[in-house]
Amino acid sequence: MRLRTVPLYDCAGKTWRDTPNGPVRTDVQTLTPWLAPVVWNGTYNIGILNKQYNKKTLRIGLTTFAMKKYIVFLKPLIETAEMFFMVGHKVNYYIFTDRINEVPTFSFGDGRQLMIIQLPAYQRWQDVSMRRMETIQDYSRQQFLHEVDYLMCVDVDMKFTDDVGLEIIGDLVGSLHPGYFKSSRDQYPYERRALSQAFIPNDEGDYYYAGGHFGGNVQEVIKLTNHCHHAILADKANNIEARWHDESYINKYFLHHKPTKVLSPEYIWLYYYGDPPIIQRKRFVEVPKSRILLRY
Ligand code: 4GW
Ligand code: MN
């Protein structure tokens, strides 16, 4: 008997196979050893996911920090989020900035809004980056917990270039760093000094996760950010700062609190890593920044 051709359906200009039980991607790992899905193009059916969730009640928060000169990244991030991020769903954008007067005006889809939260600017950029943990934890307890169900916390120097939808929703969500998804664990740039709270020995660790895209339900985000914030403080008291700042602490957290969903590097792509065919859709990509202009 001839094999029936599997019908191809169109999904935002891309094709994927819509069959009841697969096929899933065979060129990438789609399940972690603790049985959490790794989300790649072709591994899910967005139509089923959209039917499964109740659009009227689901509320999603997106947090980002646009401190000091990084305020220039806000416009492309939000404008592209309106085109690609959780389209058709309720979204609250939470923008932390010290430059509230420089926040542009946007037009939003139904049920979508932006809230500005003013912060004092920290002098050291490492502190700007690391204090995100403390701040997200703080505002999640006070505010986000009462306003949204899930939070995604992202770098601001990024833009959406393809759909990001309900496939990323999970209780605790991490993203694979684009530079290390093919590396072995001893090559991951984990913090290797035993003195640091972020220390991971050579023979431990599952993946190298990106610091610029994590999330989950608000309770889980509170646990993660609270844990990382306190690890950062403990290290500070010992005059030590982990190699990749907040990213190192997030990696340590995920070692002992496994994500329930892992996003492929489609969800945080950096141009430095080129254009490999394994990345079928680049959904959330870095906006190149002039270090000379922005670093201080
Ligand atoms: C060096 O001078 C700086 S400034 C490094 C980070 C800086 C920075 C970062 C900033 O001045 N303002 C700011 O809001 N941030 C936030 O931290 C912003 O959300 C940014 O995306 C995040 C992480 O910094 P980054 O994107 O520069 O880090 P990488 O290069 O690792 O993506
Ligand atoms: Mn960044």
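Coordinates for the structure precede this section.
Residues numbered from 1 in each chain as written. Chains lettered and ligands numbered in written order. Predicted model: local features only at pLDDT ≥ 70, side-chain atom pairs only at ≥ 80, totals over all residues. Heavy atoms only, no water.

Peer 1: Describe the nonpolar core, and please don't skip the residues or the numbers.
Peer 2: F144, F214, L224, Y249 and F254 are the most contacted members of the largest nonpolar core, which has 47 residues in total. Mapped onto this core, the elements with two or more residues apiece are strand 5 (90-97), strand 6 (112-118), helix 3 (125-147), strand 7 (150-154), helix 4 (218-237) and helix 5 (246-256). Element by element, the count of residues in this core is highest for helix 4, at 7 residues. What F214 contacts, discounting residues up to four positions off in sequence, is M133, I136, L151, M152, C153, V173, L224, T225, I250 and F254. With 40 residues, the next largest nonpolar core counts F85, Y93, M158 and I168 among its residues. (Core = buried A, V, L, I, M, F, W, Y, C linked by side-chain atoms within 4.5 Å. Buried < 20%, exposed > 50% of the residue type's maximum accessible area, 1.4 Å probe, protein only. Helix = DSSP H or I, 4+ residues; strand = E, 2+ residues; numbered from the N terminus. Contact = heavy atoms within 4.5 Å.)

Peer 1: I'd like a rundown of the sheet that holds strand 10 (residues 213-217), residues and numbers included.
Peer 2: Strands belonging to one sheet form pairs held by backbone hydrogen bonds; the direction of such a pair is parallel or antiparallel. Ordered by their spatial adjacency, 8 strands build an open sheet running 3-11-9-10-7-4-5-6, and the pairing between neighbours is mixed. Each edge of the open sheet is held by one strand with a lone partner, namely strand 3 (38-39) and strand 6. As paired strands, strand 4 (residues 59-65) and strand 5 are joined by 7 bridges and run parallel to one another. Note on strand 5: the bridge partner recorded for T63 is Y94. Set on the sheet, helix 5 makes contact with strand 9 (172-175) and strand 10; between it and strand 9 the angle comes to about 130°. (Pairing = 2+ DSSP bridges. Axes fitted to C-alpha atoms, helices over the stretch in contact; angles between N-to-C directions.)

Peer 1: Report on the environment of Q197, specifying residues and quantitative values.
Peer 2: Tracing the chain through its elements places Q197 in the loop between strand 9 and strand 10. In this structure Q197 comes out as partly exposed when scored by relative accessible area, which is 38%. Separated by 51 residues in the primary sequence, Q197 and S248 have C-alpha atoms spaced 9.2 Å apart.

Peer 1: Provide a residue-level description of the pairing of strand 7, including the pertinent values.
Peer 2: Where burial is concerned, most of strand 7 is hidden: 5 out of the 5 residues are buried. By the alternation rule, side chains of strand 7 split into Y150, M152 and V154 and L151 and C153, which are all buried. Where strand 4 meets strand 7, 5 bridges bridge the pair, whose relative direction is parallel. Bridge pairing in strand 7 places L62 opposite M152. Inspection of the sheet shows strand 7 paired to strand 10 by 5 bridges, in the antiparallel sense. When the sheet's bridge partners are listed, V154 is paired in strand 10 with H213.

Peer 1: How would you summarise the side chain of T64 if you had to cite specific residues and measurements?
Peer 2: Position of T64 relative to the elements: it lies in strand 4. Side-chain polar atoms of T64 contact the backbone oxygen of V154, separated by 2.9 Å. Apart from residues no more than four positions distant in its own chain, T64 is found in contact with L74, L77, Y94, I95, F96, V154, D155 and V156. (Polar contact = N/O pair within 3.5 Å; in protein donor to acceptor, adjacent residues only side chain to side chain.)

Peer 1: Account for the pattern of salt bridges, with residues named and values stated.
Peer 2: Per the counting criterion, the structure on display carries 20 salt bridges. Taking the shortest distance from any N to any O, the salt bridge between R132 and D246 comes out at 2.6 Å. Residue R132 is found in helix 3, and its partner D246 is found in helix 5; the two are separated by 114 residues along the sequence. Across the pair, D246 and R132 agree in class, each one buried. (Salt bridge = Lys/Arg side-chain N within 4 Å of Asp/Glu carboxyl O.)

Peer 1: How would you sum up the packing of aromatic side chains? Please name residues and give values.
Peer 2: Remark: the centre distance and the inter-plane angle together describe each pair of aromatic rings, the angle taken between the planes. Applying the stated criterion across every chain yields a total of 21 aromatic pairs. Where F106 meets F108, the ring centres are 6.0 Å apart and the plane angle is 50°; that geometry is what we call tilted. When the ring centre of W34 is taken as reference, the NZ or CZ atom of K258 above it lies at 5.2 Å. (Phe/Tyr/Trp six-rings, centres within 6.5 Å; stacked < 30°, edge-to-face > 60°. Lys NZ or Arg CZ within 6 Å of the ring centre and 35° of its normal.)

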